[in-house]
Amino acid sequence: MPWGVSYFLMKNSEYAMHDRAKATRTTPEQAICGPDAALLASIAESAVARSIGNTPLHRLRRYERYLGLPETIELHLKAEWVNPGGSIKDRTALSIVRAAIKSGQLGPGRTLLDATSGNTGIAYAMLGAALSFPVTLVVPGSASEERKRTLAAYGARVIYSDPYEGSDGAIRLVREMTSVAGDDFFYADQYNNPANPAAHVATTGPEIWRQSDGRVTHLVAALGTTGTLMGTGAYLRQQGAVQLIGVQPAEAFHGIEGLKHLPTAIVPGIYDPSLPDRIMGIETEAAFEAARALARVEGFFAGSSTGANLAAAGELARELASAGQAARLVVIGCDGGARYLSTGLWELG
Amino acid sequence: MASESTVQVLIPTPLRRFTDGESRVEVSGATVGDALDALEARFPGIDERVRDDSGQIRRFVNLFVNGQNVRDRDGIATPLSPGDELGIIPAMAGGSAA
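What counts, and at which threshold
- Residues numbered from 1 in each chain as written.
- Chains lettered and ligands numbered in written order.
- Predicted model: local features only at pLDDT ≥ 70, side-chain atom pairs only at ≥ 80, totals over all residues.
- Heavy atoms only, no water.
- Helix = DSSP H or I, 4+ residues; strand = E, 2+ residues; numbered from the N terminus.
- Buried < 20%, exposed > 50% of the residue type's maximum accessible area, 1.4 Å probe, protein only.
- Contact = heavy atoms within 4.5 Å.
- Expected span 1.5 Å × (residues − 1).
- pLDDT = per-residue confidence, 0-100.
- Pairing = 2+ DSSP bridges.
- Right-handed = clockwise from strand over helix to strand, strands pointing away.
- Axes fitted to C-alpha atoms, helices over the stretch in contact; angles between N-to-C directions.
- Parallel < 35°, antiparallel > 145°, perpendicular 65-115°, else oblique.
- Left-handed = near helix turned anticlockwise from the far one by under 90°.
- Nonpolar A, V, L, I, M, F, W, Y, C, P; charged D, E, K, R; others polar.
- Core = buried A, V, L, I, M, F, W, Y, C linked by side-chain atoms within 4.5 Å.
- Arc of directions from axis to C-beta.

Peer 1: Just checking my understanding: could you explain the overall build of chain B for this structure?
Peer 2: Scanning chain B for helices and strands turns up two helices and five strands. When the elements of chain B are put in sequence order from the N terminus, they spell out β-β-α-α-β-β-β. The proportion of buried residues among the 98 residues of chain B is 56%. A separation threshold of at least 6 residues defines the contact pool for chain B, and within that pool the share at least 24 residues apart is 51%.

Peer 1: Can you walk me through helix 9 (residues 166-181) of chain A in this structure?
Peer 2: Every α-helix carries 3.6 residues per turn, so stepping three or four residues along brings you back to the same face. With 16 residues, helix 9 of chain A extends 23 Å between its outermost C-alpha atoms, agreeing within 8% with the 22 Å of an ideal straight helix rising 1.5 Å per residue. Among the residues making up helix 9 of chain A, those that are buried are Gly166(A), Ser167(A), Asp168(A), Gly169(A), Ala170(A), Ile171(A), Leu173(A), Val174(A), Met177(A), Thr178(A) and Ala181(A).

Peer 1: Honestly, the confidence of the model for chain B in this entry has me stumped. Any pointers?
Peer 2: Note that predicted coordinates carrying low pLDDT should not be read in detail. Residues and elements named next belong to chain B. Within chain B, residue pLDDT values average 89, and 91% of them lie at 70 or more. The least confident element of chain B, judged by mean pLDDT, is strand 4 (residues 68-69) at 90; the most confident is helix 1 (residues 32-42) at 97. Across residues 93-98, where pLDDT falls below 50, the model places 34 contacts with residues more than four positions away in sequence or in other chains.

Peer 1: Just checking my understanding: could you explain the pairing of strand 8 (residues 243-249) of chain A for this structure?
Peer 2: Consecutive side chains of a regular strand alternate in pointing toward one face of the sheet and then the other. All names here are of chain A. Counting buried positions along strand 8 yields six of seven residues, so the element is predominantly enclosed. Pairing geometry for strand 7 (residues 218-222) and strand 8, over five bridges, is parallel. Following the sheet pairing, Ala222 is matched in strand 8 by Val247. Crossover handedness for the path strand 7 to helix 11 (residues 227-239) to strand 8: right-handed.

Peer 1: When you look at the packing of helix 6 (residues 89-102) of chain A against helix 7 (residues 119-131) of chain A in this model, what are you seeing that I'm missing?
Peer 2: The axes of two packed helices give the description: the angle between them and the distance between them. Residues and elements named next belong to chain A. As a packed pair, helix 6 and helix 7 sit with axes 8 Å apart at the nearest point and diverge in direction by 55°. Compared by their axis directions, helix 6 and helix 7 come out oblique. Here helix 6 runs over helix 7; the crossing is right-handed. Where helix 6 abuts helix 7, its residues Lys89, Asp90, Ala93, Leu94, Ile96 and Val97 lie against Asn119, Thr120, Ala123, Tyr124, Met126, Leu127 and Leu131. Along the lines of polarity and charge, the residues of the contact of helix 6 with helix 7 split into nine nonpolar, two polar and two charged.

Peer 1: I keep staring at the nonpolar core and nothing clicks. Help me out?
Peer 2: A general trend in soluble globular proteins is that nonpolar side chains are found buried together. Residues and elements named next belong to chain A. Grouped together as the largest cluster of nonpolar side chains are 33 residues, with contacts concentrated most on Tyr63, Leu75, Val220 and Leu329. When residues in this core are grouped by element, the largest group, eight residues, is from helix 13 (residues 304-322). If we skip the residues at most four places from it in the chain, Leu329 touches Ile73, Glu74, Leu75, His76, Thr217, His218, Ala313, Leu316, Ala317 and Leu320. The next biggest cluster of nonpolar side chains, apart from the first, holds 31 residues, and it includes Ala93, Leu94, Ala143 and Ala188.

Peer 1: What should I look at first to understand the sheet that holds strand 5 (residues 85-90) of chain B in this one?
Peer 2: Consider a sheet: its strands pair through backbone hydrogen bonds, and that pairing is either parallel or antiparallel. All names here are of chain B. Here we have five strands laid out as an open sheet, ordered 2-1-5-3-4, and mixed in their pairing. Strands with a single pairing partner mark the edges of an open sheet, and in this sheet they are strand 2 (24-29) and strand 4. Taken together, the five bridges between strand 3 (residues 61-65) and strand 5 define a ladder with antiparallel strand orientation. Opposite Phe64, over in strand 5, you have Gly87 as the bridge partner. Docked against the sheet, helix 1 engages strand 1 (5-10), strand 2, strand 3 and strand 5, running at close to 120° with respect to strand 2.

Peer 1: What is the right way to read helix 1 of chain B from this model?
Peer 2: Residues and elements named next belong to chain B. Turning to helix 1, its buried residues are Val32, Gly33, Ala35, Leu36 and Leu39. Down the axis of helix 1, the sector holding all buried residues measures 160°, keeping them to one side. The secondary structure elements touched by the buried residues of helix 1 are strand 1, strand 2, helix 2 (46-50), strand 3 and strand 5.

Structure representation (structure tokens):
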């Protein structure tokens, strides 16, 4: 693959040329139109949209025994991979799309555009196909092969950003694109869009509260856009004294797709640093060991971000056990493991 | 044995704190392993992020010589020619310095 600056520039100029040659542009009049009634109705009718959320919460009894935890410490895993697009980001994307249609930002003549390292892009692409709006995604060239092919399967237009610049490089490229061709696009901006955490205030939080019989003591959620922790955490905090644990890679240089090392990354606008009680740093290898153990002990094959959450939850559970505390930990299972098979982490051996 | 070659190493953003912010640096080496040794000599701390204690490329790291993953060639023993580009990329997308 000819990755590098020249490839990036070539793609960039190809994009700019395409934009200039476009015959139809959205006029300002169209841009301020009210909600598109047909699009709104299509959400209500969409089988895909209706199957997002209401995921199971599984108690991991075998994994608890594998970690040697006492009966008083429970681990529960929110199985987000059962969403139709395969990840928790289906909730985020649906919330962002619905809010944008309602506000008139997404309608005829507009393409949804965002930077994504994968799962949100898949969710946008799926919804774009199901609801008939065009989707353009900027994805770091280093995203896993499975993700790239999945996006292509849904028919989304994908622009790859410089793999050496990571997910922040994708964000910067999108910002450049919107400054050149803003009217053609609805920039979904998952890192700064309040509809992202709102998805979890409305759905993930209430589901967890109900499924844990109101007895969740700790929420463990990986930080990428931070929407899951911000929204679910805000809801759970309103219900009771729930400890909110954010999980990030221990190092800036890591292989846990979708996660951000906040001290060295562009910090999302939706992130409120005063909300989490604790931030735990997890090594990539530890995240994969936990994902592998989950597969072998419980039979759930989850991805690396779920592994990072489980590794953090395991560490926390042991601390609570040695302090003699009882706890019911809810761990977010962000996505499934099959999306990562082409990466070196699942090599045999 | 192949002789030493001067190559360009492409540095991803999360490792640029080791290279004074440089996105590409020049080192010499006959193989990928040699080039990583030379990189470490100039920018201490970078090699342990790329290779584990046994000297193997970490599983989440991909090394490319002229765009081809060295896992599909001879790993760290992959020979280098003058002017080659050696790219270091974490297997998946990650954050970077703003």
